[in-house]
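These are the residues of each chain, in order.
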Amino acid sequence: MDVDYLDMRTGQVRRGELRDYSKAALAQLDKVYGYGSFRPGQLEAVNAILNRHDLIAVMPTGSGKSVCYQLPALREGSFTIVVSPLRALMRDQVQALQARGVPAALIDSGVTPKQRQSIYDMAHGGGLRILYVAPERLWTDDFLFFAQSTRIDLMAVDEAHCVLQWGNDFRSSYLRIGEFIAGLPSRPVVAAFTATATRSQVPEIAEKLGLDQPVRIGTGFDRPNIRFDALKLKPSARKRFILDWVDGHEGSGIIYCNTIKDCDSWAERLAKHGVDAAAFYAPLADRDKARIQDGFLAGSPRVICATTAFGMGVDKPDVRWVVNNGPCESLEAFYQEAGRAGRDGQPARSVMLWTGGDFLNWERRLADSAGNALDDPKDRAKAQNAAFSRLDAMRRYCETDTCRRGLILDYFGDEHDEYCDNCGNCTYVADCDQPTAKRTKTTGTTASRNLNFEEIDATITEFVYDRERMLGFGYGIRKTIRSLMGDTGEGVDDRDIDQLDGYGALTDVDEDVIADRIHRLIDNGTIYVGNYHTLLEP
């Protein structure tokens, strides 16, 4: 089987060839999981491990990363340790493996010393195939003693991007995983998995984990079944939007909030509205977390109002929508949260609600917290700069008037078409239109006083019609507004757009007023919204 591997000496990706275990892997997949075929990237990952070759795999949420290390771990006489920061994932996967008859266990803070010793004895006796632990567990005295006296065939490192010192998910315990592996009496195969690393971050992750010429697998970041929308709404308008959204959309959903207080208030508001909802966040007692997670998997509560503590590792394939009540601190974090939706491959929705004030709040939080765990002032400064750079990427996603999916894929280094036909800037959907929100801004403002709305409407209409007649197509609302205000840029003043009578004709009119008038013209049928959210003559 042909593979790409990362040359750790040069950082270059090179081609190689490994023995092909496809037939045996497929047979085991069918026997244990009942699946007749692998998802993209899974077979290559399993084959690399069976060849005793290190691996780094960048695979999107919902792609089935766990199968990549679980299947090789089922070999008779083998023993695998899975390192994960996600207790929910460990618990769910151990239960699923045990239900399939696979000897699996986890060690976390809820496991007593007596229970830990029983697990160690089981592994020593060859009766345990897979053991899940948090990275902090590796350096405890009893686990070190266990690892030094046990043959480990495979070390699987989940959420491997946590090793990045400049990443928003950095955990210092991840930095010592490579040291732990190097200290083992016999080096195991090491397989690292992540859903969010960019191309430039992969070599750094491999280096920090001490991977040896690892096979490199990247299946692409695109989740084509998820539609991406982003709406600029003030908190007061969000309340009405979210209530209407939950009423109008069936199936399970997640509302991500940036504070515990918001989680509680939204769960209470939805409950009063007649919605089966619950709040979820890190400080909840373990028994309450388990109750809410298990209930959500079974369909009640239907809606979870959560911080980022929820969703990671929770294997619920039929989440139909995710609403972010405010932007995340990074595009990586947002894509992880949005990726909770549609893991079954069926149509799903991601909606980001934001304002400029949200980003000011994040800037203040990052200024106070980014890099605080690092001792060196230069390292702290580098971490802070990286944090603000990630926040800027999140801001660009919210503000862009180009394809939102394309912006995400650009960020992660994936190729894509110019238009995806499944985001708010490429195609129009009524449930994410916001004419009411726009109109509220125009009443009583200085910009809206003494304006002749008939003249503004006529200018907008004539410009939209003339532009389409000249070009044969239209542009979206944001570029139309920029043209009317005399701005410059691609699709704004090029292609002779600046020669049209309407170009720059509304320079003295407030942007929000122009947007409001455009939405009114759409509502009354004067302007038609075509494919890719473009403005056209009816």
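Residues numbered from 1 in each chain as written. Predicted model: local features only at pLDDT ≥ 70, side-chain atom pairs only at ≥ 80, totals over all residues. Heavy atoms only, no water.

Participant: I'd love a proper account of the overall build of the chain, names of residues and values included.
Facilitator: A count of helical and extended segments in the chain gives 19 helices and 17 strands. In summary, the chain has a C-alpha radius of gyration of 26 Å against a globular reference of 24 Å for 538 residues, a match within 12%. In terms of principal-axis extent, the alpha carbons of the chain reach across some 85 × 55 × 55 Å. The buried share among the 538 residues of the chain stands at 54%. The contacts of the chain with a sequence gap of at least 6 include a subset with a gap of at least 24, amounting to 73%. Surface exposure of the chain reaches about 23,800 Å², of which carbon and sulfur atoms provide 47%. Positive and negative charge centroids in the chain, built from 65 and 78 side chains respectively, lie 6 Å apart. (Helix = DSSP H or I, 4+ residues; strand = E, 2+ residues; numbered from the N terminus. Rg over C-alpha atoms; globule rule 2.2 N^0.38 Å. Buried < 20%, exposed > 50% of the residue type's maximum accessible area, 1.4 Å probe, protein only. Contact = heavy atoms within 4.5 Å. Areas by Shrake-Rupley, 256 points an atom, 1.4 Å probe, with all protein chains shown as cover. Lys, Arg positive; Asp, Glu negative; His and termini not counted. Charge placed at Lys NZ, Arg CZ, Asp CG, Glu CD.)

Participant: Explain the pairing of strand E12 (residues 277-280) to me, using residue names and the numbers behind them.
Facilitator: Because side chains alternate across E12, one face comprises the buried residues Ala 277 and Ala 279, and the other comprises Ala 278 and Phe 280, equally buried. Sheet analysis places E12 next to strand E13 (residues 303-306), joined by 4 bridges and oriented parallel. Among the inter-strand pairings, Ala 279 is bridged to a residue of E13, identified as Cys 305. The β-α-β motif built from E12, the intervening helix H11 (residues 286-298) and the parallel element E13 has right-handed crossover chirality. (Pairing = 2+ DSSP bridges. Right-handed = clockwise from strand over helix to strand, strands pointing away.)

Participant: Could you give me a rundown of the pairing of strand E6 (residues 130-133), with the residues and numbers involved?
Facilitator: Of the two faces of E6, the one holding Ile 130 and Tyr 132 and the one holding Leu 131 and Val 133 are both buried throughout. With 4 bridges joining them, strand E4 (residues 80-83) and E6 adopt parallel strand pairing. Looking at E6, one finds that Ile 81 is bridged to Leu 131. With 4 bridges connecting them, strand E5 (residues 104-107) and E6 associate as parallel partners. Of the residues in E6, the one forming a bridge with Ala 105 is Leu 131. In this fold, E5 hands off to helix H5 (residues 113-124), which returns the chain to E6; that crossover is right-handed.

Participant: Quick rundown of the packing of aromatic side chains? Include the residues and the values.
Facilitator: Pairs of aromatic rings are described using the distance from one ring centre to the other and the angle between the two planes. Under the definition given, this model contains 18 aromatic pairs. When the ring of Phe 143 is compared with that of Phe 180, the centres are 6.2 Å apart and the planes differ by 35°; the resulting orientation is tilted. You can see Phe 143 sitting in helix H6 (residues 141-148) and its partner Phe 180 sitting in helix H7 (residues 177-182), a full 37 residues away along the chain. Just as Phe 143 is buried, Phe 180 falls in that class too. Ring centres of Phe 241 and Trp 245 lie 5.9 Å apart, and the angle between their planes is 25°; this geometry places the pair in the stacked category. Within this pair, Phe 241 and its partner Trp 245 are both found in helix H9 (residues 235-248), separated by 4 residues, close to a single helical turn. The same class applies to Phe 241 as to Trp 245, namely buried. (Phe/Tyr/Trp six-rings, centres within 6.5 Å; stacked < 30°, edge-to-face > 60°.)

Participant: Let's hear about the sheet that holds strand E11 (residues 252-256): which residues, and what values?
Facilitator: Spatially, the 6 strands line up as an open sheet ordered E10-E15-E14-E11-E13-E12, and their pairing is parallel. In this open sheet, the two strands that pair with only one neighbour each are strand E10 (226-232) and E12. Taking each pair of neighbouring strands and ignoring which way they run, the sheet shows an average axis angle of 15°. Here E11 pairs with strand E14 (residues 319-325) via 5 bridges, running parallel. Bridge pairing links Ile 254 to Val 322 in E14. Along the sheet, helix H14 (residues 377-399) contacts E10 and strand E15 (348-354); its crossing angle with E15, the most-contacted strand, is approximately 105°. (Axes fitted to C-alpha atoms, helices over the stretch in contact; angles between N-to-C directions.)

Participant: Account for the confidence of the model for the chain, with residues named and values stated.
Facilitator: Summing up the model confidence of the chain, the mean pLDDT is 87 and the portion of residues at 70 or higher is 93%. pLDDT under 50 marks residues 435-449. Its contacts with residues more than four places away, or in other chains, come to 21 contacts. (pLDDT = per-residue confidence, 0-100.)

Participant: Outline the nonpolar core, supporting the account with residue identities and numerical values.
Facilitator: Counting 146 residues, the largest nonpolar core has Leu 131, Tyr 132, Phe 143, Leu 270, Phe 334 and Tyr 397 as its most contacted members. Setting aside chain neighbours within four positions, we find Tyr 397 in contact with Phe 228, Asp 229, Ala 230, Leu 331, Phe 334, Met 352, Arg 404, Leu 407 and Ile 408. Listed in part, the 24 residues of the second largest apolar core include Ile 497, Ile 514, Ile 518 and Leu 535. (Core = buried A, V, L, I, M, F, W, Y, C linked by side-chain atoms within 4.5 Å.)

Participant: Explain the environment of Phe 473 residue by residue, including any values.
Facilitator: Assignment of secondary structure puts Phe 473 in the loop between helix H17 (453-471) and helix H18 (477-484). Phe 473 sits 180 residues away from Gln 293 along the chain, and the two C-alpha atoms are 48 Å apart. For Phe 473, the contacting residues outside a window of four places in its chain are Arg 467, Glu 468, Arg 495 and Leu 536.

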